[in-house]
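Survey of secondary and tertiary structure
Chain by chain, the residues:
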Amino acid sequence: MEHFTGCAPEHIYDLFDRGCSGSVAMVNSQGMYLALGESLVLLCSSRFGVVPNGAALCRWERLPGLLAPGEPVQLRDLVLTLPSGSIRLELQRICRETCICIPEKGALHGALEQLLAQTGETGLSALVYPLFSPEVHPLNACCQLALPLVQELLRSLQTGDIPLLRRCVCSLLGLGPGLTPSGDDLLCGLVYGLRHSPARDTAACAALSAAIREFAPRQTNAVSADYLLAVAADAPFRAMARAWQTPGVGAASLMELGSNSGREMLLGLLCAGSIYRQLL
């Protein structure tokens, strides 16, 4: 029996422990997804640290040779059973993260400079220019559509305009390219930052989390919805935590996620930071 060590959030660990069944949904260069009931659970490399919606495994590169899309799988007692055999998952169970942090303004500016230097041509990362920089920068069609939504969303968070907040969240979900669409990634960083800041107990932050829980399952794809729902429920996310607690150091690692996702999550964190550190 193959053995893989790694870590997983408590809700993923408990699912693997108590038992479930499903199939291999997809495999790509960044990881693979298991369709387990109504959830799509990620298996990825431990170099990412704990991820909110799956298990990060050492020696992950061996897995694609053992699992193929469409194959049935069963999990019980942390054993993954396949048609070709079984895999023992020796996982560290990581509890929910509820720590509060206000990043230093200088560190946020350091992360901002890194994002300005690495914006992509697609997706929403170029919104960093109209939101945080006096420099004029061309915006793609996706950015042009999203800019007023993001501006109104930030205003609604500051003023407590909950109906406006809900409309903006609903419109941003599913917007843009990618397995996790660009609007989703920005919301992911925003809700993470706010839930790990003094805004955590405000009505506006609660409304943001509630809108994500309500709208994500029907406004975006299943992979992205699971990701957002986990973050909105305080699932641990190492790359995001480092970029929020020590932005100048952690921003680079976060931006390595996906093709655009990490940069857009960082933009969401900067939006969260702007509420307390007056970056806008």
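Described in the following lines is the structure provided in the data block. (Residues numbered from 1 in each chain as written. Predicted model: local features only at pLDDT ≥ 70, side-chain atom pairs only at ≥ 80, totals over all residues. Heavy atoms only, no water.)

1. Let's talk about the nonpolar core
- Core analysis: the largest hydrophobic core is formed by 78 residues, its most contacted members being L127, V169, L208 and F237.
- Among the elements that line this core, the one with the most residues is helix α4 (residues 141–159), at nine residues.
- With residues up to four places along the chain from it excluded, the contact list for L127 reads C143, A146, L147, V150, L186 and L267. (Core = buried A, V, L, I, M, F, W, Y, C linked by side-chain atoms within 4.5 Å. Buried < 20%, exposed > 50% of the residue type's maximum accessible area, 1.4 Å probe, protein only. Helix = DSSP H or I, 4+ residues; strand = E, 2+ residues; numbered from the N terminus. Contact = heavy atoms within 4.5 Å.)

2. A short note on the environment of L131
- With respect to the secondary-structure elements, L131 resides in helix α3 (residues 128–132).
- For the pair formed by L131 and C271, sequence separation is 140 residues and the distance between their alpha carbons is 8.5 Å.

3. Observations concerning the side chain of D185
- On the secondary structure map, D185 appears in helix α6 (residues 182–195).
- For D185, which is buried and forms no salt bridge, the nearest opposite charge comes from R263, at a distance of 9.7 Å.
- With residues near it in sequence (within four places) discarded, D185 still touches T180, S261, E264 and M265. (Lys, Arg positive; Asp, Glu negative; His and termini not counted. Salt bridge = Lys/Arg side-chain N within 4 Å of Asp/Glu carboxyl O.)

4. Topic: the side chain of N260
- Following the sequence through the fold, N260 ends up in the loop between α10 (247–254) and α11 (261–277).
- In contact with N260, not counting residues within four places along its chain, are G120, T122 and G123.

5. Focus on the sheet that holds strand β6 (residues 72–76)
- Taken together, eight strands build a closed barrel; the order of strands is β1-β5-β4-β3-β2-β6-β7-β8 and the barrel is mixed. Recorded for the sheet is a direction-independent mean angle of 30 degrees between the axes of neighbouring strands.
- Its contacts with the sheet place helix α8 (residues 222–232) against β2 (20–27), β3 (31–36) and β4 (39–45), and it is angled at close to 80 degrees to β4. (Pairing = 2+ DSSP bridges. Axes fitted to C-alpha atoms, helices over the stretch in contact; angles between N-to-C directions.)

6. Some points on the pattern of salt bridges
- With the rule as written, the count across this model stands at nine salt bridges.
- Put simply, R93 and E10 hold a salt bridge, and the shortest N to O gap is 3.8 Å. Residue R93 is found in strand β8 (residues 85–94), and its partner E10 is found in helix α1 (residues 10–18); the two are separated by 83 residues along the sequence.
- For E214, the salt bridge identified is with R218, shortest N-O distance 4.0 Å. Residue E214 and its partner R218 are located together in helix α7 (residues 203–219), separated by four residues, close to a single helical turn.
- Residue E214 is classed as partly exposed on the basis of its relative accessible area, which comes to 34%.
- When its relative accessible area of 55% is taken as the criterion, R218 is described as exposed.
- Through salt bridges with shared partners, a single ionic network connects R96, R195, R200 and D234.

7. Digging into the packing of helix α9 (residues 238–245) against α10
- In the contact formed by α9 and α10, the axes pass within 6 Å of each other and the chain directions differ by 150 degrees. When the interaxial angle is binned, α9 and α10 end up roughly antiparallel. Between α9 and α10 lies a crossing whose hand is left-handed. Residues A239, M240, R242, A243, W244 and Q245 of α9 form the contact with α10, whose participating residues are P247, V249, G250, A251, S253 and L254.
- Taken together, the residues of the contact of α9 with α10 sort by class into eight nonpolar, three polar and one charged. (Parallel < 35°, antiparallel > 145°, perpendicular 65-115°, else oblique. Left-handed = near helix turned anticlockwise from the far one by under 90°. Nonpolar A, V, L, I, M, F, W, Y, C, P; charged D, E, K, R; others polar.)

8. Some points on the pairing of β6
- The two faces of β6 differ: V73 and L75 on one face are buried, but P72, Q74 and R76 on the other face are not.
- As paired elements, β2 and β6 share four bridges and run antiparallel to each other. If you follow C20 over to β6, its bridge partner there is L75.
- In terms of strand pairing, β6 meets strand β7 (residues 79–82) through three bridges, oriented antiparallel. Across the sheet, the residue bridging to Q74 is T81, located in β7.

9. As for the packing of aromatic side chains
- As enumerated under the stated definition, the model contains one aromatic pair in all.
- Here the aromatic rings of Y227 and F237 are separated by 5.7 Å at their centres, their planes lie at 70 degrees, and the arrangement is edge-to-face. Of this pair, Y227 sits in helix α8 while F237 is found in the loop between α8 and α9, placing the two residues 10 residues apart along the sequence.
- You can call F237 buried: its relative accessible area is 1%.
- If you follow R59 out to its NZ or CZ, it ends over the ring of F4, 4.8 Å from the centre. (Phe/Tyr/Trp six-rings, centres within 6.5 Å; stacked < 30°, edge-to-face > 60°. Lys NZ or Arg CZ within 6 Å of the ring centre and 35° of its normal.)

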